[in-house]
2 protein chains.
Amino acid sequence: MSMLPPRSSPRARHYFWRELTELMRRIRSLRSALALLSWDQETFMPVKAAERRAEHLAVLEELLHRELTSPRARRLADRAQVLLPSLPEREQRLVRLFLREYRRARALPARLVSELARTQALAVESWRAARRENAFHLFAPHLERLVALKREQAEHYGYAEHPYDALLDLYEPGMRLSQVRPLLEELVQQLQPVLTRVLESPPPQPLPPAPCTAQFVLGRELCIAIGFDPQRGRIDTSTHPFCTALSPEDVRITTRCSEDDPQVCIFSLLHELGHALYDQNIPAELAHTFAGEGASMGIHESQALFWEDIIGRSLAFCRWSFPLWRRYLDGMLGTPWGRLSVEELFRALNAVRPSLIRTEADEVTYHFHIVLRLELEEGLLTGRLSVADLPEAWSAGMERLLGIRPPDDRSGCLQDIHWSLGDFGYFPSYSLGKLYAAMFWRKIQHDLPDIEEHIERGHFRTLLDWLRHNLYSVGALETPAEILQRVTGKALTSEDFLAYITAKLRLVYGA
Amino acid sequence: MSMLPPRSSPRARHYFWRELTELMRRIRSLRSALALLSWDQETFMPVKAAERRAEHLAVLEELLHRELTSPRARRLADRAQVLLPSLPEREQRLVRLFLREYRRARALPARLVSELARTQALAVESWRAARRENAFHLFAPHLERLVALKREQAEHYGYAEHPYDALLDLYEPGMRLSQVRPLLEELVQQLQPVLTRVLESPPPQPLPPAPCTAQFVLGRELCIAIGFDPQRGRIDTSTHPFCTALSPEDVRITTRCSEDDPQVCIFSLLHELGHALYDQNIPAELAHTFAGEGASMGIHESQALFWEDIIGRSLAFCRWSFPLWRRYLDGMLGTPWGRLSVEELFRALNAVRPSLIRTEADEVTYHFHIVLRLELEEGLLTGRLSVADLPEAWSAGMERLLGIRPPDDRSGCLQDIHWSLGDFGYFPSYSLGKLYAAMFWRKIQHDLPDIEEHIERGHFRTLLDWLRHNLYSVGALETPAEILQRVTGKALTSEDFLAYITAKLRLVYGA
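This one's a predicted model, so the numbers in the text were calculated from it and none came from an experiment.

A. Spotlight on the sheet that holds strand β1 (residues 233-237) of chain B. Residue and element names in this part refer to chain B. Spatially, β1-β3-β2 is the arrangement adopted by the 3 strands of the open sheet, whose pairing is mixed. The open sheet is flanked by β1 and β2 (243-247), the only strands paired with a single partner. On average, each strand axis in the sheet is inclined to that of its neighbour by 15°, with strand direction left out of account. Note: β2 against strand β3 (residues 250-255), 4 bridges, orientation antiparallel. Opposite A245, over in β3, you have V251 as the bridge partner.

As structure tokens, this is what we get:
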């Protein structure tokens, strides 16, 4: 008498894992190819290759989508449902990540997937031209098309409360507009009096200019001293700084340079460094699975903002890095870097002042920029705001929130690359990242009471070990809420951020 | 009464073309992604990413193979057979290219395809290390594995006369070992007395050294002056110079530099430029089809060698480019570029002398290098030569053919990247390319009697127009033999090459 093995037998599990592993391997490889095609588009691609590149990206996205919607993937998903209860905790989490991807892919028709890819690739090029020539109308038709496609995408995914949630969930699993919007609006209200008080104090002196090459070399040295592994990554320049990971062994970051403001180059790099350290330290045994990446965009941003703001703009870090700033920049362009003091560097890096460009905004006004984008995205998506009205809505919002109007769209609604990439629902991740980072920082200060002395001596190992142990090691096996709970023992709150920022501003602006 | 359209109706043809176009689009996109992954591996990839990159390449090769072996491709191939006689000439040629690809893909089991890709990617890395450390044993096991896989591949393809033919046909459709081997061995015999005579004359003075950066800038300027479009391509450096085309809008070439010998950088660039001009000028309407590439490797090499040797090393080209050589190189490293004459440059560029490295060999001894590789490849493939015996067989062959022995494997059997990439059967393309180029050149001189004056004045338009009209425009729609017949009115011969080289050597070495 022969018998088929029961569906949750060890043999059934063995076949299931082999097939799932193969599927993840194919998907990871396609994603790496897509990452390289995109990285290349932003860095080294010949200018006239843009249209054809859009085609290549669309076809690869289509193939990726086909992998997740094939009969084979469906059989795997069916078996996953059956096997799930019999699997150990860790495997269950991996399988749930697969099921999430599978359901998302099944939700979208192949036509929409390839249209999104093609529209986005062309939108990026039009955004680039529009920004260069300060001509919103070059970007507008592409943005309109993208908004329509994103709305369609949200409907296909489905949502309980608001179409925005369907997109937000792509970046921050489990987050809803009804949670994040009041949280950030309240935070901005609490920051308003802080901002008013700060603006009554005399502003810190800005940093002197420095040549771009020297800035780049300094930034690169800082990244490597902190822990970026140049044998498993690259540092280049692009219009909009970004980080992309083909694998933990190939993590690429970029920055941009402005002679007049060395902060742009150095702190863009420290920001992307935070992403890169996370990506380079994903455990090898997760790298080829769906858990081989950050837990969410918000958690990823927390790492970027942790290194950019909490560490990079700390007095301890200034004390350690000051000799390097002087070594690379003093005397260049005949500027007085040599006469600067550590305290002046620290104050300059932490100047608070309403400004037009999000990526150059300080830690206080940054949230104002995000709240504006959140409102506009919500308006575009529900149709209450038309693309044609976007430039004016942007300007009016800046005036209402920060009291300043952009003189042109280049410093207004054309400043960010995100919408051209179809990344609607992404912006809240930045503010969430700041809140997460402050929560982690409070816990680090508790766990490692002498951490600031380590930083002051340029010893980043202790900090990296803490992050590796508490965060990097789990990849995407835990949700953001689970990570917060396990690491800090608390649910999401803006309290730690408020405590952190007011303490720092006391140092910068005095009592 | 309803009726299915007959299988060669306009409607059937319409559906057939739509499906075939989609298939070609997917395959072209996957090939472009593979080209970028490989280009990046040779230029900018972080060193520790090699193993994972091999994995990504293998998966994409597998997906490509799957496209060509899917039930959909099979249906297309079946329909192609039926529709073929009813199609116009041009469509027939396109369909035959598809059927060739289809049959090749069906011939190989998926396991072999992905094993080849993985083995090759690792072999490249081991070759790099072996060459760096002059340690053949690092490369040997990978080469052994590759040879076994290539033998298997040849068996799967099938052949009428010799397993080598099955691989040769990949690069030079229709060519056989029984044709190319006697042709090249006879050529080498005819060149032997030419070489002996030349070696009795006093050798030209070598070129002075120059800094790598200046060489690179000079080479780049020459390429762009001739017609390389930098908005549709890139020029970089890598260990082994190469050209890769993601599309006609994205053609990338590389070179390598040696301070002691500026010829290496400049003439590697002119070589790759020849490939690039061909690739950049493939007509847009062919670009997304299987005809959107060169007619064969031999024809492609003919373009590389045409620009490198026939044009680049001509007296007319020297007269035009001489001021640029001086402008970029004079005074650098305190060397006497300024005291050089055009004739000295011309003589230095055409010095004939047995040497160890194929890519730096002159136009006469180059064929000796190829004959050696052809013999060794044939031996490896049939098993008459073992990988372990390769270094000694190489040295003995060099001694027999050119009277010199390499002092180490780095300048012996480890010098070429080709075998590590699995490119067995490729080398004859170089010699065939030289023969094709000389045949084209004789026809050009006939069609454009004042062409050398054009070159002397730096007007390359006439030449490019001739090439566009006679060669570039047909892509791979014609076979090499058809192209030769149409353009020169003759079948393959080494006569034009012999006439060309003896005439030039008279100029260089006197009567």
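B. Geometry of the packing of aromatic side chains. Evaluated as defined, the whole model comprises 45 aromatic pairs over all chains. On the numbers, 6.5 Å between centres and 85° between planes, the contact of F136 of chain B with F139 of chain B is edge-to-face. Of the two residues, F136 of chain B and F139 of chain B are both situated in helix α6 (residues 136-157); the distance of 3 residues between them amounts to about one turn of the helix. Here F136 of chain B matches F139 of chain B in class, with each residue buried. In this structure an aromatic cluster arises from ring pairing among Y171, Y366, W394, W419, F424, Y426, F427 and Y430 of chain A.

C. Seen up close, the interface of chain A and chain B. Contacts between chain A and chain B engage 42 residues on the former and 42 residues on the latter. Buried surface at the junction of chain A and chain B, summed over both partners, amounts to about 3500 Å²; 55% is from carbon and sulfur atoms. Of all residues in chain A, the largest losses of buried area upon contact with chain B belong to R25, K48 and R52 of chain A, amounting jointly to 17% of the total for that side. A salt bridge links E62 of chain A to R25 of chain B; its shortest N-O distance comes to 3.4 Å. Joining chain A to chain B, the criterion identifies 20 residue pairs in polar contact (both at pLDDT 80 or more). Elements with a minimum of two residues in the side of chain A that touches chain B: α1 (10-43), α2 (50-69), β1 (233-237), β2 (243-247) and β3 (250-255) of chain A. In the side of chain A that touches chain B, the residues fall into 17 nonpolar, 7 polar and 18 charged.

D. Fine view of the sheet that holds β3 of chain A. Residue and element names in this part refer to chain A. Strand order in this open sheet of 3 strands is β1-β3-β2, and the pairing throughout is mixed. Each having just a single partner strand, β1 and β2 make up the two edges of the open sheet. Between one strand axis and the next, the sheet turns by 15° as a mean value, whatever way the strands run. Strands in contact with α1 are β1, β2 and β3; relative to β2, the strand with the most contacts, it is inclined by about 145°.

E. Spotlight on the domain arrangement of chain A. Residues and elements named next belong to chain A. Once the domains are mapped, chain A shows domain 1 (10-161) and domain 2 (177-509). Inter-centroid distance (C-alpha atoms) of domain 1 to domain 2 is 26 Å. Tallying the contact residues gives 39 residues for domain 1 and 45 residues for domain 2. In total, domain 1 and domain 2 occlude about 3900 Å² of area from one another, counting both sides; carbon and sulfur atoms represent 64% of this. Inspection of the region where domain 1 meets domain 2 yields 2 salt bridges. Close ionic contact of R93 with E482 constitutes a salt bridge, the shortest N to O distance being 2.8 Å. Connecting domain 1 to domain 2 are 15 residue pairs in polar contact (both at pLDDT 80 or more). The element contributing the most residues to the side of domain 1 that touches domain 2 is α1, with 12 residues.

F. Structural view of the confidence of the model for chain A. Per-chain confidence: chain A averages 94 in pLDDT, with 98% of residues scoring 70 or above. Across the interfaces of the predicted complex, the ipTM metric reaches 0.87, alongside a pTM of 0.89.

G. Broad picture of the side chain of R28 of chain B. Residues and elements named next belong to chain B. Structurally, R28 is set in helix α1 (residues 10-43). Overall, R28 belongs to the buried group, its relative accessible area being 16%. Reaching out from R28, the side chain makes a polar contact with the side chain of E293 at a distance of 3.2 Å. Contacts of R28, omitting those with residues within four sequence positions, involve A287, H288, T289, F290, G292 and E293.

About the cut-offs
Residues numbered from 1 in each chain as written. Chains lettered and ligands numbered in written order. Predicted model: local features only at pLDDT ≥ 70, side-chain atom pairs only at ≥ 80, totals over all residues. Heavy atoms only, no water. Pairing = 2+ DSSP bridges. Helix = DSSP H or I, 4+ residues; strand = E, 2+ residues; numbered from the N terminus. Axes fitted to C-alpha atoms, helices over the stretch in contact; angles between N-to-C directions. Phe/Tyr/Trp six-rings, centres within 6.5 Å; stacked < 30°, edge-to-face > 60°. Buried < 20%, exposed > 50% of the residue type's maximum accessible area, 1.4 Å probe, protein only. Contact = heavy atoms within 4.5 Å. Buried area = accessible area lost by both parts, 1.4 Å probe. Salt bridge = Lys/Arg side-chain N within 4 Å of Asp/Glu carboxyl O. Polar contact = N/O pair within 3.5 Å; in protein donor to acceptor, adjacent residues only side chain to side chain. Nonpolar A, V, L, I, M, F, W, Y, C, P; charged D, E, K, R; others polar. Domains from an automatic or database assignment. pLDDT = per-residue confidence, 0-100.

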